[in-house]
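The residues making up each chain are set out below.
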Amino acid sequence: MSDFRFLSLVAFLALASATASAWADLVISGHAPDVADLSGERGDWIESGKELSRGKAGIGLTIISRGGVSCGVALEGRTLGVNGNFETERYSRCRSGEGYNDEEALELSYRAHMTGLRVCTSRDDPIRIGGFEIVGGEIDDDGQLKRSDESERHSSASCDRWGDESSCDGNFVVTGFVAHFMRKERDSPFPDTLVGLQAVCREVIER
């Protein structure tokens, strides 16, 4: 191994060790969570309280569609600072629609956890989510959650207007969601439609 490659490996291992130590001193607060502002449209059916198990924070988001209409959402998470012990919290109202199911998923890098999300809705009826974005933050070597420019975005032909970001405050991460649906009309071939999301956030604190 060349001296350059050896020194690069040593530097990487040192950084990984320092980062792991910083993460190890942090946990997610067990106090009542905060609910961020709405991104998208307010629904006439609101499903709240969907949250990952204690100690886990979001790393990815999936929008579920049926027959081209958004009708469900899933939040993937993992234990804070650990690239393992994964869990997915899912809620769907797709069963009442016609057509096949489809999923679009976004995920952050292995060092990041979600600090916010944003959705893009259609103008045409039924209003649906045609795009979404997730935003992340990383723990620095001093054990502080730092907002980063890291984000992932998906958009489709149904994306006409981006909503405001549903963003966690300060040292908070996304641990769940509130999902907003518009109820289907009687005899409609469409399912109840997902039109908005709110991030559920908990604080990252020292042990």
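Look above for the structure.
Residues numbered from 1 in each chain as written. Predicted model: local features only at pLDDT ≥ 70, side-chain atom pairs only at ≥ 80, totals over all residues. Heavy atoms only, no water.

### Examining the state of the cysteines
The bond known as a disulfide is covalent and runs between the sulfur atoms of two cysteines.
Now for step 1: The full count for this structure, using the stated rule, is three disulfides.
Now for step 2: The disulfide that involves C71 links it to C94, with 2.0 Å between the sulfurs. Taking the sign of the torsion about the S-S bond as the criterion, the disulfide between C71 and C94, at about 100 degrees, is right-handed. You can see C71 sitting in strand 5 (residues 69–79) and its partner C94 sitting in the loop between strand 6 (86–92) and strand 7 (101–107), a full 23 residues away along the chain.
Now for step 3: The disulfide bridge from C168 ends at C201, spanning 2.1 Å between sulfur atoms. Judged by the sign of its S-S torsion, about -80 degrees, the cystine formed by C168 and C201 is left-handed. Note that C168 is positioned in the loop between strand 12 (166–167) and strand 13 (172–182) and C201 in strand 14 (residues 193–206), a separation of 33 residues in sequence.
Now for step 4: When the cysteines engaged in disulfides are numbered in sequence order, the chain pairs them as 1-2, 3-4, 5-6. (Disulfide = S-S within 2.5 Å. Helix = DSSP H or I, 4+ residues; strand = E, 2+ residues; numbered from the N terminus.)

### Remarks on the sheet that holds strand 5
Now for step 1: The four strands are arranged 6-5-4-7 in an open sheet whose pairing can be described as antiparallel. Of all the strands in the sheet, the pair left with one neighbour each is strand 6 and strand 7. Sheet twist, expressed as the average angle between the axes of neighbouring strands with direction ignored, equals 20 degrees.
Now for step 2: The sheet contact formed by strand 4 (residues 56–66) and strand 7 spans seven bridges and is antiparallel. Opposite L61, over in strand 7, you have L106 as the bridge partner. (Pairing = 2+ DSSP bridges. Axes fitted to C-alpha atoms, helices over the stretch in contact; angles between N-to-C directions.)

### Some details on the packing of aromatic side chains
Now for step 1: Within the structure shown, the criterion is met by one aromatic pair.
Now for step 2: Between the aromatic rings of Y91 and F181, the centroid separation amounts to 5.8 Å while the plane-to-plane angle is 65 degrees, which identifies the pairing as edge-to-face. Note that Y91 is positioned in strand 6 and F181 in strand 13, a separation of 90 residues in sequence.
Now for step 3: The ring of W45 carries R93 above its face, with NZ or CZ at 4.3 Å from the centroid.
Now for step 4: Looking at R153, its charged tip hangs above the ring of W162, at a distance of 4.3 Å from the centre. (Phe/Tyr/Trp six-rings, centres within 6.5 Å; stacked < 30°, edge-to-face > 60°. Lys NZ or Arg CZ within 6 Å of the ring centre and 35° of its normal.)

### Here we look at unusual backbone geometry
Now for step 1: With an omega dihedral of -10 degrees, the bond running from D125 to P126 counts as a cis peptide bond.
Now for step 2: Tracing the sequence through the fold places P126 in the loop between strand 8 (112–121) and strand 9 (129–139).
Now for step 3: Positive phi outside glycine occurs at D187, with the angle close to 70 degrees.
Now for step 4: Note that D187 resides in the loop between strand 13 and strand 14.

### Re the pairing of strand 14
Now for step 1: Within strand 14, eleven of the 14 residues are buried, which leaves it mostly tucked inside the rest of the structure.
Now for step 2: Summarising the sheet, strand 2 (residues 34–40) and strand 14 pair through five bridges and their orientation is antiparallel. In the sheet register, L38 faces strand 14, and the bridge partner there is Q198.
Now for step 3: By the bridge criterion, ten bridges tie strand 13 to strand 14 in an arrangement that is antiparallel. Looking at strand 14, one finds that V174 is bridged to C201. (Buried < 20%, exposed > 50% of the residue type's maximum accessible area, 1.4 Å probe, protein only.)

### Observations concerning the pattern of salt bridges
Opposite charge on two side chains permits pairing when their charged atoms draw close.
Now for step 1: Overall, the coordinates contain eight salt bridges when judged by the stated rule.
Now for step 2: Notably, a salt bridge pairs R202 with E51, separated by 2.5 Å at the nearest N-O pair. Residue R202 is located in strand 14, and its partner E51 is located in strand 3 (residues 45–51); the two are separated by 151 residues in the primary sequence.
Now for step 3: For R153, the salt bridge is made with E133, and the minimal N-O distance between the two is 3.5 Å. In this pair, R153 sits in strand 10 (residues 145–155) while E133 sits in strand 9, placing the two residues 20 residues apart along the sequence. (Salt bridge = Lys/Arg side-chain N within 4 Å of Asp/Glu carboxyl O.)

Read these as spatial facts, not as claims about activity.
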